[in-house]
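Chain residues, written in single-letter form:
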Amino acid sequence: MASIQDIATLAGVSKATVSRILNQDPNFSVSEVTRNRVWQVANQLHYKLANVATRNHQDKLHLAMITALTAQEELAGSYFQEIIAGMNEQANRWGMKIADRIRLPVTDEIDWQNLSVYGAVLVVGVLTDDVLAKIYKYNKNIVIVDDSRIFENYDVIRNDFGRQTKHLLDLLSEKGHQRIAFVGGQTHLVGATQSEQHNMLDVRHQAYLEWMLLHRLENYTQTYITEWTSEGAMQATKKLLQEGKRPTAIMASSDIQAIGVYRAIQEMNYKIPDDIAVVSFDGIDTSAYLYPSLTSVRPAAKEIGKEAINLAREKLVGDRESAIQLTINSKVLLRESI
């Protein structure tokens, strides 16, 4: 059953404040904003002064997470690990908990109706429209993390990799680079079952193509889409360098891929950045220790996770009706590779 402590945590006030407001203490002086917020949270949690609640408080304080990532993708780098760490940290702060986790695609049937018991559903990754519609049917409080698409009914929080892609390309252009190649990975649009898995253009790839076209460099466009691994990027880069029209710069979609790009360049006796400049994304610690050190974009991954929980809490205790599209700024780490 919902407790005074639950209400106090979500409302951001003390237990004593909640108790005196709910018991309508005439001698208690508090702002109308605080008073209304406490009553709003209490009503959302179906709190009863007689301490007889019709629903367990976990219906509201517990969250479900649906992820489109494989376990390997989640552990491959620090990005998603930090997002989830930020979620857990912020959930603990507000007395909330990620109580259920579903990893798609699955082979078994999913009881979508069961999502209705949770306060909100966190979606990590890129799901098909029909899966999002199924979630929304049973739980209107959806917060999507790391999806570049625009939605009418769902809150979305994302990094700014599209903008930063163009910023990195501007930096390369300022140094005289025109023949810039792109080595990236595929974004998977995941459905409920394995047979429904599709691909879509990654936001970095899309931004690269747009920038090259805008700057009338489409004749220099070279793209290689491979696995999100160092090995895949290394083989792609070798093919790229064997084509005869060597690029003067290469943009990799991730630091893990950039490691493979480095290996291919150095094995073919080219120098970074004298012969080929390299830029990348993720800002993992290892990138600073490559030789030369890698210029990379570091996302505020933990902040993305925290803000996802804040949006879920806002949906839970607030009265906002419009969906929010929130972009968290990342940081360019300028190093020796350009």
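Refer to the structure presented above.
Definitions and cut-offs
- Residues numbered from 1 in each chain as written.
- Predicted model: local features only at pLDDT ≥ 70, side-chain atom pairs only at ≥ 80, totals over all residues.
- Heavy atoms only, no water.
- Core = buried A, V, L, I, M, F, W, Y, C linked by side-chain atoms within 4.5 Å.
- Buried < 20%, exposed > 50% of the residue type's maximum accessible area, 1.4 Å probe, protein only.
- Helix = DSSP H or I, 4+ residues; strand = E, 2+ residues; numbered from the N terminus.
- Contact = heavy atoms within 4.5 Å.
- Phe/Tyr/Trp six-rings, centres within 6.5 Å; stacked < 30°, edge-to-face > 60°.
- Lys NZ or Arg CZ within 6 Å of the ring centre and 35° of its normal.
- Pairing = 2+ DSSP bridges.
- Axes fitted to C-alpha atoms, helices over the stretch in contact; angles between N-to-C directions.

**Q** Quick question: what am I supposed to make of the nonpolar core here?
**A** Buried together is how nonpolar side chains tend to be arranged in soluble globular proteins. Leu10 and Met87 are the most contacted members of the largest nonpolar core, which has 41 residues in total. At the level of elements, helix H1 (4–11), helix H2 (15–22), helix H3 (32–44), strand E1 (62–67), helix H6 (78–93), strand E3 (120–124), strand E4 (142–145) and helix H12 (301–317) are the ones that each hand at least two residues to this core. Broken down by element, this core gets its largest block of residues, eight residues, from H12. Each residue touching Leu10, except ones within four places of it in the same chain, is listed here: Val41, Leu45, Leu61, Trp94, Met96, Arg313, Leu316 and Val317. Ranked by size, the runner-up nonpolar core spans 22 residues in total, among them Ile102, Val121, Phe151 and Tyr154.

**Q** Even after reading the chapter, I still don't get the packing of aromatic side chains, so can you show me in this structure?
**A** To describe a pair of aromatic rings, you give the distance between the ring centres and the angle between the ring planes. Taken as a whole and assessed by the stated rule, the structure comprises six aromatic pairs. With a centroid separation of 4.9 Å and 65° between ring planes, the pair formed by Tyr79 and Phe80 is classed as edge-to-face. Aromatic rings pair up to connect Tyr79, Phe80, Phe161 and Phe281 into one cluster. In this structure, Lys140 is placed above the aromatic ring of Tyr136, and the distance from its NZ or CZ to the ring centre is 4.8 Å. Cation over ring: Arg204 sits above Phe281, and NZ or CZ is 5.7 Å from the ring centre.

**Q** Explanation requested: the pairing of strand E5 (residues 155–159) in the structure shown.
**A** Both faces of the sheet carry side chains from a regular strand, because those side chains alternate between them. With respect to burial, E5 is a largely interior element, five of its five residues being buried. Here E5 shows two buried faces, one formed by Asp155, Ile157 and Asn159 and the other by Val156 and Arg158. Bridging between E4 and E5 involves three bridges; their strand directions are parallel. From the neighbouring strand, Val143 faces E5, where its bridge partner is Asp155. With four bridges joining them, E5 and strand E13 (residues 325–328) adopt parallel strand pairing. Paired with Ile157 across the bridge in E13 is Leu326.

**Q** Please explain the sheet that holds E5 as it appears in this structure.
**A** Two strands in a sheet stick together by hydrogen bonds in their backbones, pointing the same way (parallel) or opposite ways (antiparallel). Across the sheet, which stays open at both edges, the six strands sit in the order E2-E1-E3-E4-E5-E13 with parallel pairing between neighbours. Here the strands that pair on one side only, and so sit at the sheet edges, are strand E2 (97–103) and E13. The average angle at which neighbouring strand axes cross in this sheet is 20°, direction not considered. Pairing geometry for E1 and E3, over five bridges, is parallel. Paired with Ala64 across the two strands is Val121, which belongs to E3. The strands that H6 touches are E1, E2, E3, E4 and E5; relative to E2, the one it contacts most, it runs at about 145°. With respect to the sheet, helix H7 (residues 129–138) is in contact with E1, E3 and E4, its orientation differing from that of E4 by roughly 150°.

**Q** Looking at this model, I keep getting lost on unusual backbone geometry. Mind explaining?
**A** With an omega of 0°, the peptide bond between Ile272 and Pro273 qualifies as cis. Relative to the assigned elements, Pro273 resides in the loop between helix H11 (255–267) and strand E11 (277–281). In the segment running from Tyr291 into Pro292, the intervening peptide bond is cis, with an omega of -10°. Tracing the backbone through its elements, the reader meets Pro292 in the loop between E11 and strand E12 (295–298). Of note, the phi angle at Asn269 is positive, near 65°, even though the residue is not glycine. One can find Asn269 in the loop between H11 and E11. With phi around 120°, Asp282 is a residue other than glycine that occupies positive phi space. Within the secondary structure, Asp282 sits in the loop between E11 and E12.

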